[in-house]
Amino acid sequence: MGAETIRCKAAVAWGAGERLVIEDVDVMPPQLGEVRVKLHATGVCHTDAFTLSGDDPEGVFPAILGHEGAGIVESVGEGVTSVSVGDHVIPLYTPECGECKFCLSGKTNLCQKIRATQGKGLMPDGSTRFSVNGQPIYHYMGTSTFSEYTVLPEISVAKINPAAPSNEVCLLGCGVTTGMGAVTNTAKVEAGSCVAIFGLGGIGLATIIGAKMAGAARIIGIDINEEKFPLAKKLGATECINPKDYNQPIQDVIVGITNGGVDYSFECVGNVNLMRSALESCHKGWGESIIIGVAGAGQEITTRPFQLVTGRVWKGSAFGGVKGRSELPAFVERYLAGEFKLDDFITHTMPLSQINDAFDLMHEGKSIRSVIHF
Ligand code: NAD
Ligand code: AHE
Ligand code: ZN
Ligand code: ZN
């Protein structure tokens with residue numbers, strides 16, 4: 001007999017700018033090529049707050065947000081072959097079908113197989129698996145991890161070592177992988193490099209870990225909240241600076257203290273002015289700036305084209321350029337082997353019923369990551 005609809009608790013975003021509401025949500029069984037996952041834990045990433053704010057051009061409501069989860073496969077739909085009931089998985093907002101033009105290119109992790117429907121808050125067949133009292137609720141980033149149960153396409157889960165603790169490796173579903181991957185997969189930072197990291201939240205701190213692992217000689221952390229500095233230094237920042245302490249543009253400060261600019265910079269905030277600063281902090285001739293932060297609808301980046309003519313490079317990175325199904329399980333193994341820690345990121349834990357606190361803490365600058373446990 002096939003799986004039944006499950007009624008469970010989920011945090012529903014009914015509208016932009018509203019607080020989430022814990023609802024009894026009906027979660028349909030997984031359909032062809034889909035799996036239903038029981039979440040054990042989920043982190044709260046700034047991108048969830050970004051979409052909830054109404055700034056995301058792809059934001060649709062009502063929706064179940066959340067994209068940084070870990071859990072176990074509860075049931076599988078017809079035709080599913082790569083995962084089984086009981087497998088431990090991390091949901092992927094960047095799937096990996098292995099057969100689309102993007103997957104086959106060898107140049108990107110941005111699988112496009114289901115991107116169109118995912119961006120509309122729908123499953124690949126154009127419908128939704130969530131409802132409240134019969135009203136359909138949209139999915140989010142193909143993952144919707146702020147729910148006790150969620151449904152995902154099979155290509156949107158990475159099977160991981162069951163020994164990994166979900167309450168920590170959920171952070172590999174977005175923040176930590178994004179920062180580490182941006183260093184190794186996107187920038188390909190070399191040993192001895194000089195690196196500047198703008199924004200020392202979950203993403204920036206993971207970028208510091210990646211830069212230290214890559215052997216960067218100098219890692220400059222930049223944030224307007226100095227409470228972020230001690231952890232940044234513990235993780236590997238060689239110095240931290242607050243742009244508010246200077247009466248000249250922060251890029252001029254960085255160029256001045258680095259003998260001409262950094263080899264690599266990373267924007268981990270989502271502020272288009274800071275993206276310009278990050279680019280212009282780069283060394284003439286070769287410096288590369290990686291945009292990780294997500295900016296709102298209508299925002300655009302600017303710089304003098306001369307900055308690029310003279311050799312600086314602007315790049316972007318989504319999920320750290322990491323292919324989820326083929327590369328993420330190895331991140332879990334490296335974590336289990338003790339190569340890097342995740343507990344430093346977890347400043348708060350709470351049950352789903354208190355998820356709004358996680359957003360408040362983020363906006364107050366008091367958290368790195370809040371982890372919701374189910
Ligand atoms: P966060 O809120 O934890 O951290 C943001 C940090 O930026 C904070 O420490 C804050 O004090 C700092 N900051 C704010 N304004 C600043 C300024 N003007 N100058 C310097 N520092 C400033 O957020 P997070 O979860 O680390 O996410 C960071 C950004 O990365 C967000 O835009 C998020 O949407 C984006 N993101 C992108 C990807 C991707 O794949 N590209 C993945 C995850 C998150
Ligand atoms: N929907 C937004 C863009 C949001 C965005 O850039 N998302 C990142 C991941 S952020 C994770 O915390 C991403 O992966 N982008 C690639 C993609 O295909 O969405 C908008 O501006 O429309
Ligand atoms: Zn995220
Ligand atoms: Zn693909």
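Look a little higher up for the structure.
Residues numbered from 1 in each chain as written. Chains lettered and ligands numbered in written order. Predicted model: local features only at pLDDT ≥ 70, side-chain atom pairs only at ≥ 80, totals over all residues.

## Considering unusual backbone geometry
- Phenylalanine 61 connects to proline 62 through a cis peptide bond whose omega is -5 degrees.
- When you line up the elements, proline 62 lands in the loop between helix H1 (46-53) and strand S4 (68-76).
- A positive phi angle, close to 45 degrees, is found at serine 144, a residue other than glycine.
- Counting through the fold element by element, serine 144 comes out in the loop between strand S7 (135-137) and strand S8 (149-153).
- Using a count of 32 C-beta atoms within 10 Å as the deciding quantity, one classes serine 144 as buried.
- The phi angle at phenylalanine 319 is positive, at roughly 50 degrees, despite the residue not being glycine.
- Topologically, phenylalanine 319 is positioned in the loop between strand S15 (313-316) and helix H11 (324-336). (Helix = DSSP H or I, 4+ residues; strand = E, 2+ residues; numbered from the N terminus. Buried ≥ 20, exposed ≤ 12 C-beta atoms within 10 Å, placed from the backbone.)

## Things to note about helix H12 (residues 355-363)
- Residues of H12 that are buried include every one of Ile355, Ala358, Phe359 and Met362, and no others. With its buried residues spanning 95 degrees around the axis, H12 presents them on a single face.
- Residues of H12 that are buried make contact with strand S1 (6-12), H1, strand S16 (346-351) and strand S17 (369-373).
- Two residues or fewer after H12 comes glycine 365, characterised by a positive phi angle close to 75 degrees. (Arc of directions from axis to C-beta. Contact = placed C-beta atoms within 7 Å.)

## Examining the sheet that holds S15
- The parallel open sheet is built from 6 strands, whose spatial order is S12-S11-S10-S13-S14-S15. Every interior strand has two partners, whereas the edge strands, strand S12 (239-241) and S15, have only one. Across the sheet, the axes of successive neighbouring strands diverge by a mean angle of 20 degrees, strand direction being ignored.
- Pairing analysis gives 4 bridges linking strand S10 (residues 194-198) to strand S13 (residues 264-267), with the strands arranged parallel. (Pairing = 2+ DSSP bridges. Axes fitted to C-alpha atoms, helices over the stretch in contact; angles between N-to-C directions.)

## Thoughts on the sheet that holds S1
- In space, the 4 strands of this open sheet follow the order S1-S2-S6-S7, with antiparallel pairing throughout. The strands lining the two open edges of the sheet, one partner per strand, are S1 and S7. For this sheet the average axis-to-axis angle between neighbouring strands, irrespective of direction, equals 45 degrees.
- Inspection of the sheet shows strand S6 (residues 130-132) paired to S7 by 3 bridges, in the antiparallel sense. Bridge assignment links serine 131 to a residue of S7, and that residue is proline 136.

Everything listed here is a matter of geometry and, on its own, says nothing about what the molecule does.
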